Amino acid sequence: MKYTQLGRTGLKVSRLVLGTMNFGPQTDEADSHAIMDAALDAGINFFDTANVYGWGENKGRTESIIGNWFAQGEGRRDKVVLATKVYGNMGADGPAWPNHDKLSAVNIRRAVDASLKRLQTDYIDVYQFHHVDRATPFDEIWQAIDVLVQQGKILYVGSSNFPGYKIAQANEIAARRGGTIGLVSEQCLYNLAERRAEMEVVPAAQEYGLGVIPWSPLHGGLLGGVLKKEVEGKRRASGRAADALNDPATRAQIQSYEDLLDKHGIEPGEAALAWLLTRPGVTGPIVGPRTAEQLASAVRASELELSEDLLTALDGIFPGPGPSPEAFAW
């Protein structure tokens, strides 16, 4: 496994990030523990979760599964760079009770203590804002974060789903306050089929020294060989992938993608992950395996070298927006 620094920090993380969103809803606790053990064995040290994972009446379940795994000992917690998130309503489905969601100082304080309890640890390496809170000023957010850093409950702070201007705003206010390191990472939707992040988010992250952590690297399965699996009767597309394939132009694009990789003898899902690892500013994509084999496939992708000819061909099928600001200025 290869490693890199997380943005401008001294924190060294693996170039694959283990996503845990499936732990609980789709993968039971025993299998989740086995996947985490296999990830460590493969050298993956960066684990990502969120307080709301588990969803519905089981919100927090994923963090609890990870906490039970840490409790088994044998250095598991010390080997992991742990990232979780705050923003969502942790109560029953429906409107949140006042101050029980988003990024107010009171909710950040409440949420971090609850996450620490579920995770059975006394600190979180990277505490991430799951979404922009338009109602809470960054001065308040950073004041709350400063206290948590001083208490040793969190070490670094990251964002998720932030536009470029919010990354800039957050870090400019952090710099103005002094003593606050600001955002060190940004999780964003970014993959071969969805490259809008290249227009503003990735440039802002690079300018401010944030590591870029792409989520949905296979775009909901669309880039994972979905058409071949349909033909072979292994799995039908669902969710985002099924909706996209209803468009004839998108289906033709994906067919061209799969045909190209078939000629090169490369699995589509592994190529999509390997492509992200070639992108400027990317720390590593989040992979969310439901099974040990899916994890093994992701590890193979981290070792895959894509030729310049293949990269050019992929750009031809999935053209990006081009350099910023030229992409939207003229």
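All of these numbers come straight from a predicted model, not from anything done at the bench.

1. Examining the sheet that holds strand β4 (residues 46–48)
Here's step 1: Pairing is parallel in the open sheet, where 8 strands are placed in the order β9-β8-β7-β6-β5-β4-β3-β10. In this open sheet, the two strands that pair with only one neighbour each are β9 (211–215) and β10 (286–287).
Here's step 2: Where strand β6 (residues 124–129) lies against strand β7 (residues 154–160), 5 bridges are found, and the strand directions are parallel. Bridge pairing in β7 places Q128 opposite G158.

2. Observations concerning the pattern of salt bridges
Here's step 1: A full pass over the atoms with the stated rule returns 18 salt bridges.
Here's step 2: Put simply, D113 and K153 hold a salt bridge, and the shortest N to O gap is 2.8 Å. One end of the pair, D113, is in helix α4 (residues 105–119); the other, K153, is in the loop between α5 (138–151) and β7, and 40 residues separate them in sequence.
Here's step 3: A residue is classified by how much of its surface remains accessible, and K153, at 22% relative accessible area, is partly exposed.
Here's step 4: The salt bridge partner of R195 is D315, with a shortest N-O separation of 2.7 Å. In this pair, R195 is assigned in the loop between β8 (183–189) and α7 (201–208) and D315 in helix α13 (residues 308–317), connecting sequence segments 120 residues apart.
Here's step 5: Judged by its relative accessible area of 31%, D315 is partly exposed.
Here's step 6: Three or more residues joined by partner-sharing salt bridges are found here, namely D139, D146, R176 and R177.

3. Considering the pairing of β7
Here's step 1: Along β7, 6 of the 7 residues are buried, which leaves the element largely enclosed by surrounding structure.
Here's step 2: What joins β6 to β7 is α5, and the crossover it makes is right-handed.
Here's step 3: In terms of strand pairing, β7 meets β8 through 3 bridges, oriented parallel. From the neighbouring strand, S159 faces β8, where its bridge partner is E186.

4. A short note on the packing of helix α6 (residues 164–177) against α7
Two quantities define a packed helix pair, namely the angle between the axes and the distance from one axis to the other.
Here's step 1: At their nearest, the axes of α6 and α7 sit 8 Å apart, and the two run at 20° to each other. Relative to α7, α6 is oriented roughly parallel. Of the residues in α7, those touching α6 at G164, I167, A168, N171 and E172 are V201, A204 and Y208.
Here's step 2: Looking at the contact of α6 with α7 residue by residue, the class counts come to 5 nonpolar, 2 polar and 1 charged.

5. Digging into the environment of D139
Here's step 1: Positionally, D139 belongs in helix α5.
Here's step 2: When its relative accessible area of 33% is taken as the criterion, D139 is described as partly exposed.
Here's step 3: Not counting chain neighbours up to four residues away, the residues in contact with D139 comprise I173, R176 and R177.
Here's step 4: Side-chain polar atoms of D139 contact the side chain of R176, separated by 2.7 Å.

6. Some remarks on the side chain of S115
Here's step 1: Considering the arrangement of structural elements, one finds S115 in helix α4.
Here's step 2: A relative accessible area of 0% means that S115 is categorised as buried.
Here's step 3: Excluding its chain neighbours within four sequence positions, the residues that come into contact with S115 are N51, E63, T84 and I124.

7. Some details on the pairing of β8
Residues in a regular strand point their side chains to alternate faces of the sheet.
Here's step 1: A large share of β8 lies buried, amounting to 6 of its 7 residues.
Here's step 2: For the crossover from β7 across α6 to β8, the handedness is right-handed.
Here's step 3: Sheet topology note: the β8/β9 ladder contains 5 bridges and is parallel. Bridged to C188 within β9 is P214.
Here's step 4: Traced from β8 through α7 to β9, the parallel crossover comes out right-handed.

8. Some words on the packing of helix α10 (residues 248–264) against α13
Here's step 1: For the pair α10 and α13, interaxial distance at closest approach is 10 Å and the crossing angle is 170°. With respect to α13, the axis of α10 lies roughly antiparallel. At the point where α10 passes α13, the crossing takes the right-handed sense. In this structure, α10 contributes Q253, S256, Y257, L260, L261 and H264 to the contact, and α13 contributes L310, A313, L314 and I317.
Here's step 2: Within the contact of α10 with α13, the residues separate by chemical class into 7 nonpolar, 3 polar and no charged.

9. Observations concerning unusual backbone geometry
Here's step 1: In this structure, the amide linkage connecting S324 to the following residue, P325, adopts the cis form with an omega of 10°.
Here's step 2: Turning to its location among the elements, P325 is positioned in the loop between α13 and α14 (326–329).
Here's step 3: Despite not being glycine, H219 shows a phi value in the positive range, around 50°.
Here's step 4: In this structure, H219 sits in the loop between β9 and α8 (226–232).

Definitions and cut-offs
Residues numbered from 1 in each chain as written. Predicted model: local features only at pLDDT ≥ 70, side-chain atom pairs only at ≥ 80, totals over all residues. Heavy atoms only, no water. Pairing = 2+ DSSP bridges. Helix = DSSP H or I, 4+ residues; strand = E, 2+ residues; numbered from the N terminus. Salt bridge = Lys/Arg side-chain N within 4 Å of Asp/Glu carboxyl O. Buried < 20%, exposed > 50% of the residue type's maximum accessible area, 1.4 Å probe, protein only. Right-handed = clockwise from strand over helix to strand, strands pointing away. Axes fitted to C-alpha atoms, helices over the stretch in contact; angles between N-to-C directions. Parallel < 35°, antiparallel > 145°, perpendicular 65-115°, else oblique. Contact = heavy atoms within 4.5 Å. Nonpolar A, V, L, I, M, F, W, Y, C, P; charged D, E, K, R; others polar. Polar contact = N/O pair within 3.5 Å; in protein donor to acceptor, adjacent residues only side chain to side chain. Left-handed = near helix turned anticlockwise from the far one by under 90°.

Treat this as a map of the structure, not an account of what it does.
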